[in-house]
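So the chains spell out like this:
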Amino acid sequence: MNRSPSSTGLLRGGGGLFPMPGSPSSSWALFRARTKEFLRREEASVMIAFWLFGLINNVLYVIILSAAQDLVGSSVPKGVVLLSDVMPSFLTKLIAPYFIHRIPYAQRILLLVLLSSSGMLLLAFTPPSSSVSVKMMGVILASLSSGGGELSFLGMTHYFGPLSLAAWGSGTGGAGLVGAGLYVVMREWWGMSVKACLLVCAALPGFMVASFFGVLPRERLRQGGRNGGYERVESDEEARDREDDLADIRDLPTADAAESLLAPGPGFHHEAHTGHNVTSKKNSTSSRFVANLRRTKSLFFPYMLPLLLVYIAEYTINQGVSPTLLFPLDESPFTEFRSFYPFYGFLYQLGVFISRSSTPWFRIHHLYLPSLLQVGNLVLLTLHALWDFIPSVYLVFVVIFWEGLLGGAVYVNTFAEIMENVPLEEREFSLGATSVSDSGGICVAGFLGMVMEVWLCEWQVRHGRDWCRRIEVGG
């Protein structure tokens with residue numbers, strides 16, 4: 001893990017806006033003044049918009065998982081809801097990068113909001129007595145929106161730079177805390193029905209529309225999206241050279257150019273350019289698809305595989321192992337065995353939020369190291385579930401929090417590495433295509449988790465620890 005200067009311009013000492021804490025230039029009055037200055041800049045709008053994009057795009061996913069017990073009851077495995085919440089998103093990320101660039105971002109936002117709100121409304125208005133499959137259709141609609149949103153917003157960071165990626169990562173991390181907390185507050189504190197909770201959540205995607213059309217400075221999208229595809233973006237130096245060349249050609253008499261063959265006359269130049277465009281349009285679809293497949297292959301080992309590994313490991317822990325990480329109640333801070341699992345989830349989401357918000361100050365460049373450490377967490381906690389050798393639940397709390405830190409760090413640093421290392425003309429596609437790894441990892445973990453939870457619980461019962469069978473379903 002390496003510390004690196006902030007590339008977002010937030011911290012002073014490297015030319016940024018805010019002073020480092022404890023530095024001679026830091027004071028509360030100075031901090032407030034510079035905060036006001038920052039909020040007047042365009043970067044503030046970018047940061048707020050992308051933080052809301054990350055929050056709203058992911059929060060419904062968390063809310064659906066939090067409401068799983070209320071949606072399907074205790075007779076249906078939790079993994080069914082998880083897979084319905086993830087599989088459509090995974091397929092969207094797998095297929096959409098090859099054609100979604102044809103749809104303008106403004107139209108995508110409206111489509112995403114329509115899908116997610118429709119899904120939540122279908123869940124809200126489906127009677128409890130209806131088939132689980134009808135409810136899962138609502139989950140699938142919301143999942144399609146989440147998958148399309150993730151690859152779209154990650155692709156959009158290509159136009160807005162590292163600050164947008166940092167804000168997106170922080171927003172997605174915050175979605176875990178906000179989603180789980182919001183559902184608990186509405187259900188337990190305010191006493192709202194499941195239907196009322198889902199209706200409130202159906203309105204949340206509206207913030208995405210407000211962020212895109214009211215907060216985000218969209219001029220960068222207009223400038224960068226005029227080609228309508230994943231085309232090479234010209235650097236400033238190349239643009240100046242091209243303008244100089246064109247100026248030289250325009251200043252050269254047509255007759256001299258024709259005689260010397262140094263440059264074609266204006267009519268011939270326009271004709272050649274037009275003919276090239278016609279030929280390009282005929283071959284653009286197939287050539288772009290082949291090029292994108294090659295790009296995907298080049299992304300797999302440096303970026304997609306570590307992200308896939310970390311998600312398989314952490315969601316196998318969350319769905320398959322942590323429900324069985326139980327201790328005697330008199331040795332824990334809980335009064336019921338059912339309280340362990342949601343608290344593990346809270347610690348995990350807290351770790352994810354902190355690490356996904358860390359890239360302006362802390363960077364990880366070697367992605368396989370935290371991924372393999374996450375696999376180590378899976379092995380450690382599985383062995384404990386089998387042989388009960390960790391002496392205190394508080395040590396498990398530390399491991400679960402560490403699991404969240406690792407998972408969030410790999411996610412946001414994977415895309416930060418792409419922003420830094422992938423050529424400019426391939427960056428937008430690469431950011432969207434790599435996002436398939438997290439959904440793919442969750443899908444694999446969903447199947448593993450359903451098997452492991454049952455197997456570990458049965459093992460524990462056979463060895464005299466029947467705590468996993470004493471969990472009562474909440475009303």
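Let me begin by describing the structure that accompanies this report. Note that the structure is a prediction, hence the values are computed from the model and not measured. (Residues numbered from 1 in each chain as written. Predicted model: local features only at pLDDT ≥ 70, side-chain atom pairs only at ≥ 80, totals over all residues. Heavy atoms only, no water.)

Here Ser-211 shows up in helix 9 (residues 206-215). With residues up to four places along the chain from it excluded, the contact list for Ser-211 reads Ala-49, Leu-52, Phe-53 and Leu-216. (Helix = DSSP H or I, 4+ residues; strand = E, 2+ residues; numbered from the N terminus. Contact = heavy atoms within 4.5 Å.)

A word on a nonpolar patch on the surface. Together, Phe-300, Phe-301, Tyr-368, Leu-372, Val-375, Val-379, Leu-380, Leu-383, Trp-387 and Phe-389 make up a nonpolar patch on the protein surface, roughly 920 Å² of accessible area in all. For the nonpolar patch, the elements supplying multiple residues, two or more each, are helix 13 (266-321) and helix 15 (368-387). Element by element, the count of residues in the nonpolar patch is highest for helix 15, at seven residues. Looking at Phe-301, the relative accessible area reads 56%, which means it is exposed. (Patch = residues over 30% accessible without salt bridge, like charges linked within 9 Å, V, L, I, M, F, W, Y side chains within 5 Å. Areas by Shrake-Rupley, 256 points an atom, 1.4 Å probe, with all protein chains shown as cover. Salt bridge = Lys/Arg side-chain N within 4 Å of Asp/Glu carboxyl O. Buried < 20%, exposed > 50% of the residue type's maximum accessible area, 1.4 Å probe, protein only.)

On to the packing of aromatic side chains. In total, this model carries 23 aromatic pairs according to the counting rule given. Both rings, one in Phe-334 and one in Phe-397, keep their centres 6.2 Å apart while their planes meet at 70°; by these two values the pair is edge-to-face. Separated by 63 residues along the polypeptide, Phe-334 in the loop between helix 13 and helix 14 (340-356) and Phe-397 in helix 16 (residues 393-421) bring together distant segments of the chain. Judged by relative accessible area, Phe-334 falls into the buried class, the value being 14%. Three or more aromatic residues link up through ring pairs in this structure, and these residues are Phe-334, Phe-337, Phe-340, Phe-343, Tyr-344, Phe-346, Tyr-394, Phe-397 and Trp-467. The cationic tip of Arg-356 hangs over the ring face of Tyr-411; the distance from NZ or CZ to the ring centre is 3.8 Å. (Phe/Tyr/Trp six-rings, centres within 6.5 Å; stacked < 30°, edge-to-face > 60°. Lys NZ or Arg CZ within 6 Å of the ring centre and 35° of its normal.)

Turning our attention to the state of the cysteines. As enumerated under the stated definition, the model contains one disulfide in all. Between the sulfur atoms of Cys-457 and its disulfide mate Cys-468 the distance is 2.0 Å. Measuring handedness by torsion sign, the sulfur bridge of Cys-457 and Cys-468 sits at about 85° and is right-handed. Highlighted residues: Cys-457 in helix 18 (residues 436-462) and Cys-468 in the segment after helix 18, separated in sequence by eleven residues. Relative accessible area serves as the criterion here: at 10%, Cys-457 is assigned to the buried category. In this model Cys-197 remains outside any disulfide bridge; the closest cysteine sulfur is found in Cys-201, 6.7 Å from its own. Judged by relative accessible area, Cys-197 falls into the buried class, the value being 0%. (Disulfide = S-S within 2.5 Å.)

Attention shifts here to the packing of helix 2 (residues 42-66) against helix 9. Two elements in contact, helix 2 and helix 9, have axes separated by 9 Å at closest approach and are oriented at 160°. Considering their axes alone, helix 2 and helix 9 lie roughly antiparallel with respect to each other. The chirality of how helix 2 crosses helix 9 is left-handed. Contacts between helix 2 and helix 9 involve Ser-45, Ile-48, Ala-49, Leu-52, Phe-53, Ile-56 and Asn-57 on the former and, on the latter, Phe-207, Met-208, Ser-211, Phe-212 and Val-215. (Axes fitted to C-alpha atoms, helices over the stretch in contact; angles between N-to-C directions. Parallel < 35°, antiparallel > 145°, perpendicular 65-115°, else oblique. Left-handed = near helix turned anticlockwise from the far one by under 90°.)

Here we take up the side chain of Thr-324. Tracing the backbone shows Thr-324 in the loop between helix 13 and helix 14. On the basis of relative accessible area, Thr-324 is assigned to the buried category, the value being 4%. A polar side-chain atom of Thr-324 sits 2.7 Å from the main-chain carbonyl oxygen of Val-321. Each residue touching Thr-324, except ones within four places of it in the same chain, is listed here: Ala-385, Glu-453, Leu-456, Cys-457 and Gln-460. (Polar contact = N/O pair within 3.5 Å; in protein donor to acceptor, adjacent residues only side chain to side chain.)

Turning our eyes to something else, we now look at the pattern of salt bridges. Under the counting rule described, the total for this entry stands at six salt bridges. A salt bridge links Glu-42 to Arg-220, with the shortest nitrogen-to-oxygen separation between them at 2.4 Å. Of this pair, Glu-42 sits in helix 2 while Arg-220 sits in helix 10 (residues 219-224), placing them 178 residues apart in sequence. Residue classification places Arg-220 among the partly exposed positions, given a relative accessible area of 24%. Note that Glu-417 and Arg-363 form a salt bridge whose closest N and O atoms lie 2.3 Å from each other. Of this pair, Glu-417 sits in helix 16 while Arg-363 sits in the loop between helix 14 and helix 15; the two residues are 54 residues apart in sequence, bridging distant segments of the chain. Taking relative accessible area as the criterion, Glu-417 reaches 6% and is therefore assigned buried. Residue classification places Arg-363 among the buried positions, given a relative accessible area of 5%. Beyond isolated ion pairs, a larger network of salt bridges with shared partners links Lys-93, Glu-150 and Asp-438.

Here we take up helix 14. Think of an α-helix as turning once every 3.6 residues; residues three or four places apart then point the same way. End to end, helix 14 covers 24 Å across 17 residues, agreeing with the expected 24 Å (1.5 Å per residue, within 8%). Among all positions of helix 14, only Phe-340, Tyr-344, Leu-347, Tyr-348, Gln-349, Gly-351, Val-352, Ser-355 and Arg-356 are buried. (Expected span 1.5 Å × (residues − 1).)

Our focus in this paragraph is the environment of Leu-456. Assignment of secondary structure puts Leu-456 in helix 18. Here the alpha-carbon distance between Leu-456 and Pro-323, two residues 133 residues apart in the chain, equals 9.4 Å. With residues up to four places along the chain from it excluded, the contact list for Leu-456 reads Gly-320, Val-321, Thr-324, Thr-382, Ala-385 and Leu-386.

So, on to the nonpolar core. By size, the foremost hydrophobic cluster in this structure holds 101 residues, and its most contacted members are Phe-50, Phe-53, Met-156, Leu-216, Tyr-344 and Ile-400. Beyond its immediate stretch of four places on either side in the chain, Phe-50 contacts Phe-153, Met-156, Thr-157, Phe-160, Ser-164, Ala-167, Trp-168 and Leu-216. (Core = buried A, V, L, I, M, F, W, Y, C linked by side-chain atoms within 4.5 Å.)

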